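Okay, here's what each chain looks like letter by letter:
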Amino acid sequence: MERWNYVIRNAKLTGARSVDIAIKDDRIADIADNIAETGIEEIDAHGQLVTVPLVDAHIHLDATLTVPERTTNHSGTLLEGIQRWSEIKPDLTVEDVKTRAREAILWEVAHGTLQIRSHVDICDEKLTALHALRELKDEMAELVDLQLVAFPQEGVLCYPHGQELMETALHEGADIVGGIPHYEWTREDGIRELEYVFELAHREGRMIDVHCDETDDPESRFVETMARLTKVYEWEGRVSASHTTAMHSYNPAYGFKLRRILRQSDMAIIANPLTNVVLQGRFDDFPKRRGMAPIKELDAYGIPVALGFDCIMDPWYPLGTGNLLQAAWMALHLGHMTGAQEMERVFRMATVNGQSVFYPGQPNDLVAGRPADLVIWDAPSAIEALRLLPVAQTVMRHGHIVAQAEPSRHQVYYQGQNLTVNFRPRTAR
Ligand code: FE2
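Per an unreviewed UniProt entry, the protein carries the name Cytosine deaminase and comes from Sulfobacillus benefaciens.

See below:
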């Protein structure tokens, strides 16, 4: 009889089913109500939730951990963030970028994230950040899957040698073609940039992930061009639009039209609620807009939505520890997704939807045959995970435990008693 490396017992799946999970080498070998064979190691999950890892579908690891020491964004706007970052860029070194990004990756893994898509600013003649993150991708491969997006932070057409830098970046380690059409000087140039992005991605056989319509301007409508080009190039399932905050300001009739063509082009939307609720609305008086893509409406229409942390202590967002559950928590609030099924949908955005964006066409949830990448949470359900923001008790990558954490416990001293409080109601959901 085959002996499993691990058997995780009494594991709660998101559908509330309680199962055992057998792991052989780097794969999930079996998931069943009761697995008779013992593992070389046995783990009792004690009825806690077990899921695929969190996916941080959008972050900027090159800029991470640069505040407050090196710069501060006084206006809090996206545009000042880009200006402050452009002042830091000339001083970047490979070792500096690697040191900061390595730290951020360790934080993300500790929180249960094992797939990270990082945009890398290629508006730099030396491509320092790209070379650094390319090295780090290999060095940290045992811990995390890293996808690198060639991201033209200061534009393609409006930046000197923008096209050459994009192409060089793809040949020197970037995996995915990025873009930023709303940053070009004119709408026409924004469309030309997108036409270039799709032509390049098609020629090189790459996925696409464009910063698109990250503005409060309801006239910014480049996502529709992405949908059209996705159909023209037959690139369905390989294209993501990130941020897309202008959607928040579109009129309902146009929003409906856009959702329809997004679904037809099989594009994904990647929302970054923590950063965008801070950056957007900065030009508003009152009321101030929330500035997040309308994830509830997109999800209800069948459009894949994933989530990103976007920024950890950088010129655009001064806080953060890379805990994607915080991004999901914020998304739930900003998106009015407080119904029970809606909260479970938000948890899926942070986990299985991200897996689909990261590995198109592959199984996105815990099934036999999938790599043994999983998290045992200190919470019994997806809803409780979003309420408690628990620690990732055990994080497993390719069949090896790569991170562990102790559940937080609190003592309250009351009437001579020492009471343990763990924020769980007597009848846990
Ligand atoms: Fe971003």
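After presenting the structure, the write-up continues.
Peer 1: Honestly, the pairing of strand E15 (residues 392–397) in this entry has me stumped. Any pointers?
Peer 2: Every regular strand shows the same layout, with side chains that alternate between the two sheet faces. When you tally the buried positions in E15, you get five out of six residues, the bulk of the element. Here strand E14 (residues 374–377) runs beside E15; their pairing, made up of four bridges, is antiparallel. Among the inter-strand pairings, Trp377 is bridged to a residue of E15, identified as Ala392. Where E15 lies against strand E16 (residues 400–404), four bridges are found, and the strand directions are antiparallel. Bridge assignment links Val395 to a residue of E16, and that residue is Ala403.

Peer 1: For this particular structure, what's the right way to read the coordination of the iron ion?
Peer 2: Each donor-metal-donor angle in an ideal tetrahedron of four donors is 109.5 degrees, and each such angle in an ideal octahedron of six donors is either 90 or 180 degrees. Taken together, the protein ligands of the iron ion are His58 (NE2), His60 (NE2), His211 (NE2), His243 (NE2) and Asp310 (OD), with distances of 2.1 to 2.7 Å. One chain supplies every donor to the iron ion, and in sequence these donors are spaced H-x1-H-x150-H-x31-H-x66-D. With a gap of 153 residues between them, His58 in strand E6 (residues 54–59) and His211 in strand E10 (residues 208–212) connect regions that are remote in the sequence. Assessed through its relative accessible area of 0%, His58 is described here as buried.

Peer 1: Even after reading the chapter, I still don't get the packing of helix H2 (residues 94–110) against helix H3 (residues 128–139), so can you show me in this structure?
Peer 2: Relative placement of two packed helices is described by the angle separating their axes and the distance separating the axes. Two elements in contact, H2 and H3, have axes whose closest approach is 8 Å; the angle formed by their N-to-C orientations is 50°. It follows that H2 is oblique to H3 by the angle criterion. In the crossing of H2 with H3, the sense of the turn from one axis to the other is right-handed. For the pair H2 and H3, the contacting residues are Val94, Val97, Lys98, Ala101, Arg102 and Ile105 in the first and Thr128, Ala129, His131, Ala132, Leu133, Glu135, Leu136 and Glu139 in the second. Its residues placed into classes, the contact of H2 with H3 shows eight nonpolar, two polar and four charged.

Peer 1: Can you walk me through the nonpolar core in this structure?
Peer 2: One recurring pattern in soluble globular proteins: nonpolar side chains tend to sit buried together. Leu61, Ile105, Ile208, Met226 and Leu262 are the most contacted members of the largest nonpolar core, which has 108 residues in total. Broken down by element, the residue count for this core peaks at eight residues, all from helix H10 (residues 324–334). When we break this core down by domain, the ones giving at least three residues each are domain 1 (4–51 + 368–410) and domain 2 (54–358). Grouped together as the second largest cluster of nonpolar side chains are 19 residues, Ile28, Ile31, Val52 and Leu366 included.

Peer 1: Hey, could you run me through the domain arrangement of the protein in this one?
Peer 2: When the parts of a complex come together, some accessible area is lost, and that lost area is often used as the size of the interface. Along its sequence, the protein is organised into domain 1 (4–51 + 368–410) and domain 2 (54–358). Distance between the C-alpha centres of domain 1 and domain 2: 30 Å. Taken together, the contact pairs 19 residues of domain 1 with 24 residues of domain 2. Surface buried jointly by domain 1 and domain 2 totals about 1700 Å² across both partners, of which 70% is contributed by carbon and sulfur atoms. The three residues of domain 1 that bury the most area against domain 2 are Ile383, Leu386 and Arg397, which together make up 39% of that side's buried surface. Counting the contacts that link domain 1 with domain 2 gives one salt bridge. Here Arg397 makes a salt bridge to Asp145, at a shortest N to O gap of 2.8 Å. The tally of links from domain 1 across to domain 2 stands at six residue pairs in polar contact (both at pLDDT 80 or more). Looking at the side of domain 1 that touches domain 2, the elements that each hand over two or more residues are E14, helix H13 (382–388), E15 and E16.

Peer 1: Looking at this structure, I do not really get a nonpolar patch on the surface. What am I missing?
Peer 2: Side chains of Val412, Tyr414 and Leu419 sit close together on the surface and give an oily, nonpolar patch of about 250 Å² of accessible area. Relative accessible area serves as the criterion here: at 31%, Leu419 is assigned to the partly exposed category.

Peer 1: What exactly am I supposed to notice about the state of the cysteines here?
Peer 2: Cysteine pairs can be linked by a disulfide, which is a covalent bond between their two sulfur atoms. Evaluation of the coordinates by the stated rule reveals zero disulfides. Its sulfur unpaired, Cys158 is 7.8 Å from the next cysteine sulfur, which belongs to Cys123. On the accessibility criterion, Cys158 (27% relative accessible area) is partly exposed.

Peer 1: What am I meant to see in the sheet that holds strand E2 (residues 18–24) here?
Peer 2: Note: strands within a sheet are paired through backbone hydrogen bonds, in either parallel or antiparallel orientation. Strand order in the open sheet made by the four strands is E3-E2-E1-E4, with mixed pairing throughout. At either end of the open sheet lies a strand with only one pairing partner, and these are strand E3 (27–32) and strand E4 (39–44). Neighbour to neighbour, the strand axes of the sheet diverge by 20° on average, direction disregarded. The pairing of strand E1 (residues 4–12) with E2 spans five bridges and is antiparallel. Within E2, the residue paired with Ile8 across the bridge is Ile21.

How each quantity is defined
Residues numbered from 1 in each chain as written. Predicted model: local features only at pLDDT ≥ 70, side-chain atom pairs only at ≥ 80, totals over all residues. Heavy atoms only, no water. Buried < 20%, exposed > 50% of the residue type's maximum accessible area, 1.4 Å probe, protein only. Helix = DSSP H or I, 4+ residues; strand = E, 2+ residues; numbered from the N terminus. Pairing = 2+ DSSP bridges. Donors = N, O, S within 2.8 Å, 3.2 Å for Na, K, Ca; no water. Axes fitted to C-alpha atoms, helices over the stretch in contact; angles between N-to-C directions. Parallel < 35°, antiparallel > 145°, perpendicular 65-115°, else oblique. Left-handed = near helix turned anticlockwise from the far one by under 90°. Contact = heavy atoms within 4.5 Å. Nonpolar A, V, L, I, M, F, W, Y, C, P; charged D, E, K, R; others polar. Core = buried A, V, L, I, M, F, W, Y, C linked by side-chain atoms within 4.5 Å. Domains from an automatic or database assignment. Buried area = accessible area lost by both parts, 1.4 Å probe. Salt bridge = Lys/Arg side-chain N within 4 Å of Asp/Glu carboxyl O. Polar contact = N/O pair within 3.5 Å; in protein donor to acceptor, adjacent residues only side chain to side chain. Patch = residues over 30% accessible without salt bridge, like charges linked within 9 Å, V, L, I, M, F, W, Y side chains within 5 Å. Areas by Shrake-Rupley, 256 points an atom, 1.4 Å probe, with all protein chains shown as cover. Disulfide = S-S within 2.5 Å.

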